[in-house]
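Now for the letters of each chain:
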Amino acid sequence: MKDKPYILIVDDDPNIAHLVQLYLEKEGFTVKVAQRGDDALNEFRKLPPDLMLLDLMLPGVDGWQVLKTVRKTSTIPVIMLTAKDETFDKVLGLELGADDYVTKPFDAKELVARVKAVLRRTKGTEEEKSDSLSFPGLTVSLSRYEVFYEGEKVDMPPKELEVLYFLASHPNQLFTRGQLLDRVWGYDIEVESRTVDVHVKRLRDKLPECEKHGWGITTIWRRGYKFEVQ
């Protein structure tokens, strides 16, 4: 099954799931469908997919809980599919570790293009940025998805780690919120300000008093953020 990229579709609407499955299989993907959240988790544990298309409103275990459970052990890309179009849902999905967010109704061809884009981005991240970054008191490994601060391992969700790694790999360079969303998440969205700000705040909380080591994430008012090294 792993000879071709394996996509797990999690959606309780059989018509939507079947349509997306047909388009993905036509593009050469191996596809499996789960209609319940608990079934999706069972499939994930048996064989983690290369990417998960995850609906929010599911019988059994809802999409939020599926995403939380997956993110405890895996960094596989997840694209959320939902009829909801509220800013809160978009922000929450991204903060929980979703890589993209598609609102129903959607165009199947556009969804396939997003799947390909996310897979290219995540594969490129693994291949091109497999080394570690080190600063006084801090080590960030993107290949192992690990952060050590003052000798202790820091529990950090994938997107927080990726924001930290991206900023730290460009020391003293300013990035707007839109640029960070584009470079880390791979696209720009209307809720960029809140989701980036929340991730940076959590990073600061997890790396307290880092300025004493000669570095830190600095806010440039009305412009963005940079990883400042003295």
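Since this is a predicted model, take the numbers as computed values, not measurements. Along each chain, residues carry numbers from 1 onward, in the same order as the chain's sequence is written. Selection of residues for local features in this predicted model requires a pLDDT of at least 70, selection of side-chain atom pairs for listing and counting requires 80 or more, and totals for whole chains, interfaces and linings are taken over all residues. Remark: hydrogens and water are excluded; side-chain values derive from all non-hydrogen atoms of the structure.

1. Describing the overall build of the chain
We count a stretch as a helix when DSSP gives it H or I for four or more residues in a row; a strand needs E for two or more, and each element gets its number in order from the N terminus. Across its full length, the chain holds 8 helices and 11 strands. By residue count, 47% of the 230 residues in the chain fall in the buried class. Relative accessible area decides the class of each residue, using a 1.4 Å probe on protein chains only: under 20% of the type maximum gives buried, over 50% gives exposed, and in between gives partly exposed.

2. Focus on empty space enclosed by the protein
A 1.4 Å probe that fits into a set of points on a 1 Å grid over the protein atoms alone but cannot get out defines a cavity; an open set with protein on both sides within 12 Å along at least five of seven lines defines a pocket, and lining residues are those with an atom within 4 Å of a point. Grid points are joined across faces, edges and corners, and a volume is the space filled by probe spheres set on the points. One pass over the structure, following the stated rule, counts 1 cavity of 30 Å³ or more. Counted as a void, the largest cavity has a volume near 40 Å³. Lining the largest cavity are Leu203, Arg204, Leu207, Cys210, Trp215, Gly216 and Ile217. Where the lining of the largest cavity is concerned, the elements lending two or more residues are helix H8 (192-206) and strand E10 (215-220). Here the element with the most residues in the lining of the largest cavity is E10; it accounts for 3 residues. Classifying every residue of the lining of the largest cavity by side-chain character gives 5 nonpolar, 1 polar and 1 charged. Three classes are used, and their members are as follows: Ala, Val, Leu, Ile, Met, Phe, Trp, Tyr, Cys and Pro are nonpolar, Asp, Glu, Lys and Arg are charged, and the others, Gly among them, are polar.

3. Here's the deal with the environment of Asp13
By the element assignment, Asp13 lies in the loop between strand E1 (6-10) and helix H1 (14-26). On the accessibility criterion, Asp13 (28% relative accessible area) is partly exposed. In this structure the C-alpha to C-alpha distance between Asp13 and Gln35, which are 22 residues apart in sequence, comes to 7.4 Å. Polar contacts, as counted here, are pairs of nitrogen or oxygen atoms within 3.5 Å of one another; within protein the pair requires one atom able to donate a hydrogen and one able to accept it, and residues that are adjacent in sequence qualify only if both atoms are side-chain atoms. Within the structure, the side chain of Asp13 is placed 3.0 Å from the backbone nitrogen of Asn15, a separation counted as a polar contact.

4. Let's talk about helix H3 (residues 63-71)
By the criterion of burial, H3 is predominantly enclosed, with 7 of the 9 residues buried. All buried positions along H3 are accounted for by Gly63, Trp64, Val66, Leu67, Thr69, Val70 and Arg71. Between the side-chain oxygen of the N-cap and the backbone nitrogen of Trp64 there are 3.2 Å, and the N-cap of H3 in question is Asp62.

5. Remarks on the sheet that holds strand E2 (residues 30-34)
At least two DSSP bridges between two strands are required for those strands to pair. As summarised here, the arrangement of the 5 strands in space is E2-E1-E3-E4-E5, forming an open sheet in which the pairing is parallel. The open sheet has two edge strands, E2 and strand E5 (100-103), and neither has a second partner. With direction set aside, neighbouring strand axes in the sheet form an average angle of 20 degrees. Relative to E5, strand E4 (residues 78-82) runs parallel, the two being bridged by 4 bridges. Bridge pairing links Met80 to Tyr101 in E5. Against the sheet, H3 contacts strand E3 (51-55) and E4, and its axis sits at roughly 155 degrees relative to E3. Where helices are involved, their axes are fitted lines through C-alpha atoms of the stretch in contact, as for all axes, and angles between N-to-C directions lie from 0 to 180°. Two residues qualify as a contact provided that any one of their heavy atoms is within 4.5 Å of a heavy atom in the partner residue.

6. Details of the sheet that holds strand E8 (residues 146-149)
Taking strand neighbours across the sheet as the criterion, the 4 strands line up as E6-E7-E8-E9 in an open arrangement whose pairing is antiparallel. Among the strands making up the open sheet, the edge pair consists of strand E6 (132-135) and strand E9 (152-153). With 4 bridges connecting them, E6 and strand E7 (residues 138-141) associate as antiparallel partners. By the bridge assignment for E7, Phe135 is matched with Leu138. On the sheet, helix H6 (residues 158-168) packs against E6, E7 and E8 and is oriented at approximately 110 degrees with respect to E7.

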